[in-house]
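# Chain and residue survey
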Amino acid sequence: MNTPALAVRDLSFAYPDGTEALRRVSFQIPRGAAVALVGANGAGKSTLLLHLNGYLMPRHGEVSIANTTLTPATASIVRRAVGMVFQDPDDQLFMPTVFEDVAFGPLHAGLPPADVERAATDALQRVGMLHLRARPPHKLSAGEKRAVAIATALAMAPDVLVLDEPTSNLDPRGRRRLIDLLRSFDHSRIIATHDLELVVEVCTHVLVLDGGQIVAEGPVAVILNDEPLMLAHGLERPHILRHHHPH
Ligand SMILES: Nc1ncnc2c1ncn2[C@@H]1O[C@H](COP(=O)(O)OP(=O)(O)O)[C@@H](O)[C@H]1O
Ligand SMILES: [Mg+2]
């Protein structure tokens with residue numbers, strides 16, 4: 001059996017105020033697969049994603065990236081292997097220029113200057129934003145910011161990409177570009193989203209989270225076509241499935 005790109009075993013988490021945000025969550029992402037994480041607001045999607053690179057350190061249960069189990073001792077290795085794209089790009093972009101933001105990770109990983117330059121240039125090119133390299137990130141459009149935030153993750157050459165609601169706040173053209181970009185990646189991907197058309201177009205499998213628990217998982221066409229299941233967990237069957245045959 002191939003080692004999965006990402007494995008979560010029996011992960012539970014409560015916030016300090018006692019909110020139980022995750023309850024015994026287990027799943028795996030095969031290498032190269034794109035998996036959607038869906039669920040109503042408050043289901044625990046962001047909390048789960050924050051455990052995947054140790055922003056929240058797993059205490060009850062386990063997270064493994066390929067063959068490395070996430071612990072305080074392995075966190076720096078895991079963080080290089082897991083590219084995180086936060087829901088709000090302003091949490092990710094803080095340097096004076098786009099280029100400095102994208103170069104930040106490789107620079108602080110200790111790469112030599114020529115490699116930093118190449119990594120940042122390649123990542124910006126990949127997301128179609130190299131022309132914005134000298135611009136201040138806070139002056140970009142929502143779609144441009146999102147693409148640059150993705151470039152900051154790509155610049156570290158991650159094995160796994162973790163994206164939290166990547167199409168939120170995008171206009172139709174920005175959203176279309178982003179969906180096409182996400183489709184073009186061959187990274188293992190986990191994408192938390194309310195955008196069920198994105199799920200149909202980008203992902204092969206879906207995890208449904210409700211009340212911190214995985215209540216269903218399976219191929220996109222099976223899960224999203226299960227109207228009673230979707231409705232029971234605060235979701236709806238996307239219209240696109242009536243005309244589109246996914247994967
Ligand atoms: N910092 C926090 N402190 C306490 N509770 C939180 C915090 N962040 C999120 N929660 C709670 O944890 C649960 C899961 O939230 P979250 O992971 O943000 O869900 P989602 O991303 O699916 O909307 C919710 O009940 C939310 O109110
Ligand atoms: Mg969230």
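Just so it is clear, the structure is predicted and the values come from calculations on it, not from any experiment.

So, how was this worked out
Residues numbered from 1 in each chain as written. Chains lettered and ligands numbered in written order. Predicted model: local features only at pLDDT ≥ 70, side-chain atom pairs only at ≥ 80, totals over all residues. Heavy atoms only, no water. Helix = DSSP H or I, 4+ residues; strand = E, 2+ residues; numbered from the N terminus. Rg over C-alpha atoms; globule rule 2.2 N^0.38 Å. Buried < 20%, exposed > 50% of the residue type's maximum accessible area, 1.4 Å probe, protein only. Contact = heavy atoms within 4.5 Å. Areas by Shrake-Rupley, 256 points an atom, 1.4 Å probe, with all protein chains shown as cover. Salt bridge = Lys/Arg side-chain N within 4 Å of Asp/Glu carboxyl O. Near = heavy atom within 4 Å. Polar contact = N/O pair within 3.5 Å; in protein donor to acceptor, adjacent residues only side chain to side chain. Nonpolar A, V, L, I, M, F, W, Y, C, P; charged D, E, K, R; others polar. Pairing = 2+ DSSP bridges. Axes fitted to C-alpha atoms, helices over the stretch in contact; angles between N-to-C directions.

## Details of the overall build of the protein chain
A count of helices and strands for the protein chain gives 9 helices and 10 strands. The globule rule puts the C-alpha radius of gyration for 247 residues at 18 Å, and the 18 Å found for the protein chain is close to it. In terms of overall dimensions, the protein chain has a C-alpha envelope of 50 × 45 × 40 Å along the principal axes. Burial status across the protein chain gives 51% buried among its 247 residues. Looking at the protein chain alone, contacts between residues at least 24 apart form 62% of all its contacts between residues at least 6 apart. Accessible surface, the protein chain: about 11,700 Å² in total, of which carbon and sulfur atoms supply 51%.

## Observations regarding the pattern of salt bridges
Scanning all chains against the criterion turns up 10 salt bridges. With a closest N to O distance of 3.9 Å, arginine 23 and glutamate 20 form a salt bridge. Accessibility expressed as a relative area gives 47% for glutamate 20, which makes it partly exposed. The residue glutamate 201 makes a salt bridge to arginine 176 at a minimum N-O spacing of 2.9 Å. Residue glutamate 201 is found in helix H7 (residues 196–202), and its partner arginine 176 is found in helix H6 (residues 172–184); the two are separated by 25 residues along the sequence. A residue is classified by how much of its surface remains accessible, and arginine 176, at 32% relative accessible area, is partly exposed.

## Side note on the site of ligand 1
Around ligand 1, the neighbouring residues are Tyr15, Asp17, Thr19, Ala21, Ala40, Asn41, Gly42, Ala43, Gly44, Lys45, Ser46 and Thr47. Take glycine 44: an N or O atom from its main chain is 3.0 Å from an oxygen atom of ligand 1. Between an oxygen atom of ligand 1 and a main-chain N or O atom of serine 46, the distance comes to 2.9 Å. A per-element tally of the shell around ligand 1 places helix H1 (residues 45–51) first, with 3 residues. Taken together, the residues of the shell around ligand 1 sort by class into 4 nonpolar, 6 polar and 2 charged.

## A closer look at the environment of valine 215
Positionally, valine 215 belongs in strand S10 (residues 213–219). On the accessibility criterion, valine 215 (34% relative accessible area) is partly exposed. Aside from chain neighbours lying at most four places away, what touches valine 215 is Val208, Asp210 and His233.

## Here's the deal with the sheet that holds strand S8 (residues 188–192)
Read from one edge of the open sheet, 6 strands run S6-S7-S8-S3-S9-S10, paired in mixed fashion. Strand pairing shows two members of the sheet lacking a second neighbour, strand S6 (82–85) and S10, which therefore form its edges. Put simply, the sheet's adjacent strands are angled 15° from each other on average, direction ignored. Relative to strand S7 (residues 160–164), S6 runs parallel, the two sharing 4 bridges. Note that in S7 the partner of valine 82 across the bridge is valine 160. The sheet strands contacting helix H5 (residues 142–154) are S6 and S7, and the helix crosses S6 at an angle near 165°.

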